[in-house]
Amino acid sequence: MTSREPYELPSVPSTKAERALATVAIVCLFVMAAMITLNVVSRWIGRAIIPDDILIVQELMVLVILFPLGVVTAARGHISVDLLTEWVRQKGRYRLAVLEHCIGLIMMGGITYAAWRGFVQAWDTQDYYSGTLDIPMWIGHASFLFGSLVFLMRLFAMLISDIRASR
Amino acid sequence: MDPTLLAGLVVAGVLLLLALRVPIAYALGACAIVGLVVYFAWRPGGDINLAASMRPVLRLVGANTFSFVHSYPLSMIPLFIGLGHVAYHAEITTDLYRSLRVLLRKLPGGLAMASVSGCAGFSAITGSSVACAAAMGKIAVPEMLRYGYHPRLASGAVAAGGTLGSLIPPSLLFVIYAIFTEQSVNGLFLAGVVPGLLSLVGFLLTICLWCLIRPSHVPKVTVEVGEDTDRLKALSGLWPSALLFSIVVGGIYLGIFTPTEAAAVSLIVATLIGIGRRKITWSTLIASGSDTVRQTAMIFMVALAAKLFTAFISLTRITPLTLDWLQSFDPPFYAVMIAIVIFYLVIGMFLDSIGILVLTLPFTVPIMLSYDVNLIWFGVIVIKLLEIGLITPPIGLNIFVIKSVSPKSVTLSEVIRGSGAFLVLDFVVLILLLLIPALSLWLPNSAFG
């Protein structure tokens, strides 16, 4: 995969907002673990004490996965194969990075637009997951859309900065 | 446009973008979305109608991405990754290595054996080969060099030992395989136990043989003056790892936990152990969490894009067509299996494990199903092949990881040559797993019938 120290591109500093979102994801991770554990233990004693734990974990999963994407992208942390481009020098690497962001934007553009449609539909119908808490469906869709938008903006910012650096 | 031609173009596009260093997630996701748009907009024999394609494409993309992320069973992935990071910061893994070092010191190449066994134990907690190689490499390679082990043996042992994370549960690759083949994670975890232990035995045997063939590579002195060699104390250092392993494997085998519950409970237990030992503080907890969510985001982006890619591939019906073509030759099963093994070995030299899994499963699984192959057994074989790929040059990821965490005196060629020695018995284990499916299937069958 990688051994690219010689021409490694530097990471871009992430914004305060992106770091805050990553912290939210960390909190959600431990809340998820604590909630599932609490329900396993309480189930042994009598009955599960947290209602709709599966639904809550599903909602938290969206935040755990989508919210750190800005920080990961700024750190150029996505998994890539560096076999044929190891010899490429700094400037060439920036050009490849520009291509990378364009491709990323195509993917995230499609996903974000689909996420917007999903959110609008969930908001219009006001559907909810049936359970004790009757969690509205739009909440999960809204966080998915928000996470996708942040990722999309980060990709755009990376594109601009790498285009400048590649000149 | 002819769907088969479109599928071929999209696959070629993915490979081209991967070669241009575009991240796997972007290459798969963007090509799949473009492929879906063309598929719906340009039906065979018709004109291009972009507007007509938007609704089905957006519905497909929306359904495949949101439902994939909005998932309870998949929460086991961040939880298991978190367990690995917390266990590392709580020094549970370091204690495991220290204890094994004392317990195995009298065996030939005892420190190397302790390193490989430590990797097995570490894998049983973290589920990630690369994390295992990185963490153990930092501790074990300098330690072995200090005692006078040859750099080739020191680095090769940890690079090879690190691969055990792919087979010994909880393995992240098994979870990803389970997602894409709709197999039981419980079954796959249990199926990995015996092959994982068998691989461990193979590595230990390699060290024994190494000591016999090249005694100069192994030091005579195994204990330093003043070093604590109390075996009872060493045994007591094993309990946290043993407890976590029991929660994961024992809990799943006895039906006490689902894999997701086992992941959550073991993460909380590891955190409590770390807090109890004053190793986990607020800052280390945040550091563990930060590493976890970043790794989770990276893995899920690849898996999510692969989900779109799989949806596109199944729409184009290229897989059934390939199957028909293959069946026209009526090849015997062993020939197909040999071809698949060679294919994974070759591709394993160039691509990383997650990328290989998500790229190839849409093609190889239907072939296996056409031969009524048990997909749990096939999963073990694929993961074993990916494990071998981790220490096969030029892209054996563990080789580079070990090189990056080792002292400068360890050259890349030493790591490659060292790992290469461990490949011999790894192939023997692979052949055993291929010839005797019961080695993989016995444990899940005994647990779930």
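Refer to the structure printed above.
A few points on the structure. Since the model is a prediction, treat every value here as computed from it, not as a measurement.

**Some details on the packing of helix H6 (residues 110–126) of chain B against helix H7 (residues 129–147) of chain B**
All names here are of chain B.
So, step 1. Packing of H6 against H7 brings their axes to within 10 Å, and their N-to-C directions diverge by 165°. As summarised for this structure, H6 and H7 are arranged roughly antiparallel, according to the angle between their axes. You can see that H6 and H7 cross each other, and the crossing is right-handed. Facing H6, whose interface residues are Leu111, Ala112, Ser115, Gly118, Cys119, Phe122, Ser123 and Thr126, H7 presents Ala131, Cys132, Ala135, Met136, Ala140, Glu143, Met144 and Tyr147.

**Some remarks on the interface of chain B and chain A**
So, step 1. Across the boundary between the two partners, chain B contributes 63 residues, which contact 61 residues of chain A.
So, step 2. For the pairing of chain B and chain A, the buried interface totals around 5,500 Å² over both sides, and the portion due to carbon and sulfur atoms is 80%.
So, step 3. Among the residues chain B hides against chain A, the three largest losses belong to Arg21, Tyr26 and His70 of chain B. Together they make up 16% of the total.
So, step 4. Joining chain B to chain A, the criterion identifies one salt bridge.
So, step 5. A salt bridge links Glu261 of chain B to Arg43 of chain A; its shortest N-O distance comes to 2.8 Å.
So, step 6. Joining chain B to chain A, the criterion identifies five residue pairs in polar contact (both at pLDDT 80 or more).
So, step 7. Elements with a contribution of two residues or more to the side of chain B that touches chain A: helix H1 (3–19), helix H2 (24–41), helix H3 (50–69), helix H4 (76–89), helix H13 (259–276), helix H14 (282–316) and helix H19 (397–405) of chain B.
So, step 8. Element by element, the count of residues in the side of chain B that touches chain A is highest for H14 of chain B, at 16 residues.
So, step 9. The class makeup of the residues in the side of chain B that touches chain A is 46 nonpolar, twelve polar and five charged.

Definitions and limits used
- Residues numbered from 1 in each chain as written.
- Chains lettered and ligands numbered in written order.
- Predicted model: local features only at pLDDT ≥ 70, side-chain atom pairs only at ≥ 80, totals over all residues.
- Heavy atoms only, no water.
- Axes fitted to C-alpha atoms, helices over the stretch in contact; angles between N-to-C directions.
- Helix = DSSP H or I, 4+ residues; strand = E, 2+ residues; numbered from the N terminus.
- Parallel < 35°, antiparallel > 145°, perpendicular 65-115°, else oblique.
- Left-handed = near helix turned anticlockwise from the far one by under 90°.
- Contact = heavy atoms within 4.5 Å.
- Buried area = accessible area lost by both parts, 1.4 Å probe.
- Salt bridge = Lys/Arg side-chain N within 4 Å of Asp/Glu carboxyl O.
- Polar contact = N/O pair within 3.5 Å; in protein donor to acceptor, adjacent residues only side chain to side chain.
- Nonpolar A, V, L, I, M, F, W, Y, C, P; charged D, E, K, R; others polar.

As far as function goes, none of this settles anything; it's purely spatial.
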